[in-house]
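Here is what each chain is made of, one letter per residue.
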Amino acid sequence: MVWGSHGEHYAACNIVQHDQFGGVLTAFTPPKCPEIAPCPLLCYTQWFDRDNPSGNGDYESLTELRVENPGIICKRPYSIQAQTLTGVDANTTGQVIAYYDTEIGFACVNAQQKKSQCLDYKVRFVCPCPAGP
Ligand SMILES: [Ca+2]
């Protein structure tokens, strides 16, 4: 993954982050910020698992996720995180990842794996927090 440059605005984004349930994400550092500070308060979305690897692969692409979950994923996510359903980060599974970014989403293609079967992954995104009640 390649993150945008952020320079001096980066520090302004190191603010306390909350998940969608109001919990504090202590270890979270936003990888990318708007050019203009201050950055919005950022939250993780829910996890999404729209596909299973039984066909050509496991496709958690943003286009389809947006169609199936209208209004939930922001237009320009700050970050994406992919894990297996058992909670293993995608980068540590040893599988070949076809794509994994904030513009396309995530996909694992069975034909690219040594054992020709992807694990089942879920994804979530970092977006500006939903407005409070
Ligand atoms: Ca999946």
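Refer to the structure presented above.
Residues numbered from 1 in each chain as written. Predicted model: local features only at pLDDT ≥ 70, side-chain atom pairs only at ≥ 80, totals over all residues.

Caption draft 1: Seen up close, the overall build of the chain. The helix and strand tally for the chain stands at 2 helices and 8 strands. For the chain, the succession of helices and strands along the chain, N to C, is α-β-β-β-β-α-β-β-β-β. (Helix = DSSP H or I, 4+ residues; strand = E, 2+ residues; numbered from the N terminus.)

Caption draft 2: Looking closely at the pairing of strand β8 (residues 121-128). Burial analysis of β8 places 7 of its 8 residues in the buried class, which makes it a mostly covered element. Of the pairings in the sheet, the one linking strand β3 (residues 42-44) to β8 comprises 3 bridges and is antiparallel in character. Across the sheet, residue leucine 42 finds its bridge partner in β8, namely proline 128. Direction of pairing for strand β5 (residues 79-84) relative to β8: antiparallel, over a ladder of 6 bridges. Looking at the pairing, isoleucine 80 lines up with phenylalanine 125 of β8. (Buried ≥ 20, exposed ≤ 12 C-beta atoms within 10 Å, placed from the backbone. Pairing = 2+ DSSP bridges.)

Caption draft 3: View of the sheet that holds strand β7 (residues 105-109). Spatially, 3 strands are ordered β4-β7-β6 in an open sheet, and the strand pairing comes out antiparallel. The sheet terminates laterally at β4 (57-61) and β6 (99-101), the two strands that pair on one side only. Between one strand and the next, the sheet's axes are offset by a mean angle of 15 degrees, whatever the strand orientation. Of the pairings in the sheet, the one linking β6 to β7 comprises 3 bridges and is antiparallel in character. Each bridged residue has a counterpart across the sheet, and for aspartate 101 the counterpart in β7 is glycine 105. (Axes fitted to C-alpha atoms, helices over the stretch in contact; angles between N-to-C directions.)

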